[in-house]
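Here is what each chain is made of, one letter per residue.
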Amino acid sequence: MSQGKIGANVAGMTAEIEEILSDFCICIQGKQSPELHELALARAAQCLAANPGNFRHSIPFAERECVQKIMKILNARENVDGFNVAGKFYAIYGRFLQIKFDPYLRHSLMGYLLSLADKSVEWSGANGDSSSSSPSSVTKLDRESDNLRQVLSSRTSASTHRSSSNGSSTAYTSSKQNGNGNGNGNGNGNGSGVTNGGSVYSYDASQSSLGLGQQPMPNYLSTIEAQKNPEVMQDIVTNAVYSFTGVQGKYLKKDIVSGRFKLDPLNIKALTIGQAGMLVRLSELGYYHDRVAKFADVTTGFNAMGCMGQALISKLKEELSDFHGQVSVLHDELNRHREARLRGDGGGDGDGNGNELTLFKLLAWYMKPLHRMQWLTKIADACLMKKGGDLASTVYDMLDNGNSMVRELVNQLMTAICGPLVRMISTWMLEGGICDLYGEFFVESLNEVGPDRLWHDKFRLRWAMLPKFVPLELANKILKTGKCISFLREICETQELVKSRDQLKQIMDNNVAHIFSYVPDTSWHAAVETCYQQTSKHVLDIMVGPHKLLDHLQGMRRYLLLGQGDFVSILIENMKDELERPGVDIYAHDLSAMLDVALRCTNAQYDDPDILNHLDVVVQRPFPGDNGWDIISLQYIVHGPLATMLEPTMPVYKTLFKPLWRMKHMEFVLSKKIWKEQMANGKTLHSMKSEIGKPSHRLYLFTSEIMHFIHQIQYYVLFEVIECNWVELQKKMQQATALDDILDAHEKFLRTITLGCFVNTQSDMKNLEKVYENISALENWQSLFYKDCFKELGARQELANIVEQSEKEGGFGLTNELILQRDHERKIFAEQVEIASHGLECIASDYEKAVSSFLMTLNSSQDPNLQLFGTRLDFNEYYKNRDTNLSKPLTFEHMRMSNVFSQNNRNSRFVIHSPATISKE
């Protein structure tokens, strides 16, 4: 492009830019006097005329951020000025963006406009200093930009010269320019400085063609003299010291948005670049101080909560107080040197000014407090709105640090935070009380739970408040210890305290730092373990001794689980008439007398009377069709501390008693009715063997099959399941060191036998109930069958009596009518026998289907002992050969041939293992 075209473009662009700059200044400052408006316009033009390299790294905000901050400031003035200033500014900025212009120069102008809108905005170079001579990178339109700066610099020099008459700026002489935009500076060609009209310039002949031949040279002599002024230096150092505690000064102001310190644009001219940089660096300590102080101020509402949060805030306030003491030492040092200077002795210690505070000394001093304040700020930010164990866990995560100062600081904060936690733990473990006003203790008490559920449901762990440094095992010991103390005080009504209570409390409260130790072998952990063992042993001795817990467990085993065999047999024999009666005709007081008789007639009479007094007979509300077997059950009643311990397990005993009682009912029906009736009627009906021989033989076989099945079921449940696991429970109770060990073993015992008694699986109970229904159907069938047989037998005996009587009378014979009637009755009886045989086969078929379904359920069970029991029930594969479903894979044959079966049975085959135990193995 020719020089003429460049000049024309520059002239047109310059006129448009001047108009935009004027609109910018009027929009931001409002209408001012011509002198002030021209001065602002000149400074704006100076931002565009300067080398963009000077501003690229000096403005603290990006161009978009500068525009946003200007818009925010102008929006706040809208109600004052009466029109939308921000909208007008944005419209002017849109016009400015349409001009093809150097982005660095546009960024510089936006920074100047931001300082013009807000005097407190800090950025170096706001005073328009363009003394830097480092070249910037060449962009598009570099040539035009250089020529544009040449034109704008002439306006800058002329305007600043006019403004120098009123003292508002330093006078500079403008360079002479030729018509095509090239200017030649005055001076020699070796680049030495020359004086023109009293001003000093640096001369660079290589830049003369671009209008940069004359640049103002800094007055280093005046700067050195200002630095030698002790008052100015002490004023700067004082501002730096004030900033450490967040106090603004002459040279440092706080940014409203970020809270950081920035240099005051009004007083920045009195500072050198080095001083400004050091002030900004030193002010960082004040920024972090303000952050910590804000967190320590409880009125803000953005700090930690609860007692542990208050302990953290108190510790932070101590840190701030120590820091303020260190800063006050600096203030005293400044005041001492100031007083010495006023006295004229040059220094307080006779060494002149060698010990006087300077910015360099402050830089060396502030590194350690800055690092400490930065970590305090980091910890405070991480602990916002947290409490209890969550707060302690957050700070505990910072303890593992390689820096010794940080590790010591976090250790001190953890000691302060865990103080309330340790006191709550000691109060809970030694007194059984929870003093937790803010819900930050990891043990909580449920007020809605009554005393009868105190041991099991009253207290529990609050998982969200459990610190990371407290293992689950230790937390459970703490929970159980306090629970034992509360149980002794509220339920057992004993006021006995833990041995050496005061000594244990002193150890816990005075060794707070031990709670978050990496290795749990401290004196604090030893005190917790001692308290847990003593309390658990004391509760165990009370329950096993005076309250006879083990004897009561033995009583429930013998009576509710039918372990006392002679008692159950005699009780059923005494109550058999009542058991067969309809439910509405049964009364509990009659059954209580029968229970007492059964207890006196069996070995139960030698049991502890205190145990027998808890046994009672219960008559439930009958439903239509219920008889005594359905509504009569035994009940074991417990009171006081025993009720608190055993009440949760009593429903399990009731659930287990029902299938065991039902099993005894079926055994009674088979042995006392069906089999006994068969044996009694076998000889009586021997004369009818030819007619009823076939169904009788089938009846005997079917009865034997059912009795074998019931006996196997009863033996498996009463001996292999209940008795074997009871032996295991007794071993664990003898080895128990705490009451929870006995209760846990007892609960595991109930879970195991519940699985072995086919109570957990609805399909098992359903199939067993079908078997029981077939037994009842067989009883009814047999009653009808023998009724018909005895009716036929009676008819035959009557006929024989008629024949005998006729012989005595000399009649010798029967009438045709009697013979025909007897033949007809014989045919009817034969048909009845045939129908009865068919009915027996139907019952046998239903029974076989129910047993096959039960075997399939056992086979598909995940418990290997139930699978083994299914194999024993079908030891000769009778049901397998008759049911094709049992011949499919994953049945008995498959289990026999697989190594899984042998692995699952590596333990005793007589002990049922719970599913949880099997999964762990």
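Residues numbered from 1 in each chain as written. Predicted model: local features only at pLDDT ≥ 70, side-chain atom pairs only at ≥ 80, totals over all residues. Heavy atoms only, no water.

1. Here we look at the overall build of the protein chain
(1) Moving on: Across its full length, the protein chain carries 35 helices and nine strands.
(2) Moving on: In the protein chain, which comprises 921 residues, the share counted as buried stands at 47%.
(3) Moving on: Of the roughly 45600 Å² of accessible surface on the protein chain, 53% is carried by carbon and sulfur atoms. (Helix = DSSP H or I, 4+ residues; strand = E, 2+ residues; numbered from the N terminus. Buried < 20%, exposed > 50% of the residue type's maximum accessible area, 1.4 Å probe, protein only. Areas by Shrake-Rupley, 256 points an atom, 1.4 Å probe, with all protein chains shown as cover.)

2. Topic: the layout of surface pockets
(1) Moving on: By volume, the second largest pocket is sized at about 670 Å³.
(2) Moving on: Together, 29 residues line the second largest pocket, and Asp-630, Phe-657, Lys-658, Pro-659 and Arg-662 are the ones closest to its centre.
(3) Moving on: When residues of the lining of the second largest pocket are traced back to their parent elements, those giving at least two are α24 (628-631), β9 (632-636), α26 (650-684) and α29 (762-809).
(4) Moving on: Ranked by residue count, the leading element in the lining of the second largest pocket is α26, at eleven residues. (1 Å grid on protein atoms, 1.4 Å probe; cavity = no way out; pocket = protein on both sides within 12 Å on 5 of 7 lines; lining within 4 Å. Points joined across faces, edges and corners; volume = space filled by probe spheres on them.)

3. Side note on helix α20 (residues 549-559)
For an α-helix, the turn length of 3.6 residues means that residues three or four places apart are oriented alike.
(1) Moving on: With eight of its eleven residues buried, α20 lies for the most part within the structure.
(2) Moving on: Leu-549, His-552, Leu-553, Gly-555, Met-556, Arg-557, Arg-558 and Tyr-559 are the residues of α20 that are buried.

4. What about unusual backbone geometry?
Across the chain, the bulk of peptide bonds are trans and the bulk of non-glycine residues have phi less than zero.
(1) Moving on: Its identity as a non-glycine residue notwithstanding, Met-385 has a phi of 60°, on the positive side.
(2) Moving on: Along the chain, the position of Met-385 falls in the loop between α13 (359-382) and α14 (388-396).
(3) Moving on: Its relative accessible area of 45% is what places Met-385 among the partly exposed residues.

5. Some details on the environment of Ile-819
(1) Moving on: As for its placement among the helices and strands, Ile-819 is situated in helix α30 (residues 816-859).
(2) Moving on: Given the relative accessible area of 36%, Ile-819 is considered partly exposed.
(3) Moving on: Placed 20 residues apart in sequence, Ile-819 and Leu-799 show a C-alpha to C-alpha distance of 9.4 Å.

6. Topic: the state of the cysteines
(1) Moving on: This model, assessed by the stated rule, comprises zero disulfides.
(2) Moving on: Sulfur of Cys-492: no disulfide; nearest cysteine sulfur belongs to Cys-484 and is 9.9 Å away.
(3) Moving on: Using a relative accessible area of 16% as the deciding quantity, one classes Cys-492 as buried. (Disulfide = S-S within 2.5 Å.)

7. Some thoughts on the packing of aromatic side chains
(1) Moving on: Taken as a whole and assessed by the stated rule, the structure comprises 27 aromatic pairs.
(2) Moving on: A centroid spacing of 6.1 Å and a plane angle of 25° characterise the contact between Tyr-716 and Phe-758, whose relative ring orientation is stacked. Of this pair, Tyr-716 sits in helix α27 (residues 689-735) while Phe-758 sits in the loop between α28 (739-756) and α29, and the two are 42 residues apart along the sequence.
(3) Moving on: Take Phe-758: its relative accessible area is 1%, and that puts it in the buried class.
(4) Moving on: With centroids separated by 5.3 Å and ring planes inclined at 75°, the aromatic side chains of Phe-758 and Phe-854 adopt a geometry described as edge-to-face. You can see Phe-758 sitting in the loop between α28 and α29 and its partner Phe-854 sitting in helix α30, a full 96 residues away along the chain. The residues Phe-758 and Phe-854 share a single accessibility class, namely buried. (Phe/Tyr/Trp six-rings, centres within 6.5 Å; stacked < 30°, edge-to-face > 60°.)

8. Remarks on a nonpolar patch on the surface
(1) Moving on: Together, Phe-302, Met-305, Leu-384 and Met-385 make up an exposed nonpolar region whose accessible area comes to about 380 Å².
(2) Moving on: Counting through the fold element by element, Leu-384 comes out in the loop between α13 and α14.
(3) Moving on: Residue classification places Leu-384 among the partly exposed residues on the basis of a relative accessible area of 36%. (Patch = residues over 30% accessible without salt bridge, like charges linked within 9 Å, V, L, I, M, F, W, Y side chains within 5 Å. Salt bridge = Lys/Arg side-chain N within 4 Å of Asp/Glu carboxyl O.)

9. Notes on the confidence of the model for the protein chain
(1) Moving on: Residues at a pLDDT of 70 or more form 79% of the protein chain, whose mean pLDDT is 78.
(2) Moving on: In the predicted structure, residues 347-353 sits below a pLDDT of 50 and forms eight contacts with residues beyond four places in sequence or in another chain.
(3) Moving on: When the criterion is pLDDT under 50, residues 891-921 qualifies, and its contacts beyond four places in sequence or with other chains add up to 51 contacts. (pLDDT = per-residue confidence, 0-100. Contact = heavy atoms within 4.5 Å.)

10. Regarding the packing of helix α6 (residues 85-98) against helix α7 (residues 103-117)
Relative orientation and spacing of two packed helices are given, respectively, by the angle between their axes and the distance between those axes.
(1) Moving on: Running from N to C, α6 and α7 point in directions that differ by 160°, and their axes come no closer than 12 Å. In terms of their interaxial angle, α6 and α7 are classed as roughly antiparallel. Here α6 and α7 pass one another in a crossing that is right-handed. Residues Phe-89, Tyr-93, Phe-96 and Leu-97 of α6 form the contact with α7, whose participating residues are Arg-106, Leu-109, Met-110 and Leu-113. (Axes fitted to C-alpha atoms, helices over the stretch in contact; angles between N-to-C directions. Parallel < 35°, antiparallel > 145°, perpendicular 65-115°, else oblique. Left-handed = near helix turned anticlockwise from the far one by under 90°.)

11. Examining the side chain of Arg-557
(1) Moving on: Topologically, Arg-557 is positioned in helix α20.
(2) Moving on: If near-sequence neighbours (up to four positions away) are discounted, Arg-557 is found in contact with Leu-562, Gly-563, Leu-718, Ile-722, Glu-723 and Trp-726.

12. Observations concerning the pairing of β9
(1) Moving on: Counting buried residues along β9, four of its five residues qualify, which places the element largely inside the surrounding structure.
(2) Moving on: Looking at chain direction, strand β8 (residues 615-619) and β9 are connected through five bridges and run antiparallel. Looking at the pairing, Leu-615 lines up with Tyr-636 of β9. (Pairing = 2+ DSSP bridges.)

13. Notes on the pattern of salt bridges
(1) Moving on: What the rule picks out here adds up to 36 salt bridges.
(2) Moving on: When the shortest N-O distance is used, the salt bridge between Glu-779 and Lys-673 registers 3.2 Å. Taken together, the positions of Glu-779 in helix α29 and Lys-673 in helix α26 put the pair 106 residues apart, joining distant regions of the chain.
(3) Moving on: Classification of Lys-673 as partly exposed rests on a relative accessible area of 23%.
(4) Moving on: A network of salt bridges, in which partner residues are shared, links Glu-691, Glu-792, Arg-796, Arg-822 and Glu-825.

14. Here we look at the side chain of Ser-22
(1) Moving on: For Ser-22, the location among the structural elements is in helix α1 (residues 3-29).
(2) Moving on: Residue Ser-22 is classed as buried on the basis of its relative accessible area, which comes to 17%.
(3) Moving on: Apart from the residues within four sequence positions on either side, Ser-22 is in contact with His-37 and Leu-41.

15. So, the packing of α20 against α27
(1) Moving on: Two numbers describe how α20 lies on α27: the axes approach to 12 Å, and their chain directions differ by 180°. With respect to their mutual orientation, α20 and α27 come out roughly antiparallel. Listed contacts from α27 to Leu-550, Leu-553, Gln-554 and Arg-557 of α20 are Leu-718, Ile-722, Glu-723, Trp-726, Gln-730 and Met-733.
(2) Moving on: Its residues assigned to classes, the contact of α20 with α27 shows six nonpolar, two polar and two charged. (Nonpolar A, V, L, I, M, F, W, Y, C, P; charged D, E, K, R; others polar.)

16. Some remarks on the environment of Leu-868
(1) Moving on: Take Leu-868: it is sitting in helix α31 (residues 864-873).
(2) Moving on: Classification of Leu-868 by relative accessible area gives buried; the value is 15%.

17. Let's talk about the environment of Leu-472
(1) Moving on: Structurally, Leu-472 is set in helix α17 (residues 472-490).
(2) Moving on: Residue Leu-472 is classed as partly exposed on the basis of its relative accessible area of 43%.
(3) Moving on: Filtering out sequence-adjacent residues up to four positions away, Leu-472 remains in contact with Leu-461 and Trp-463.

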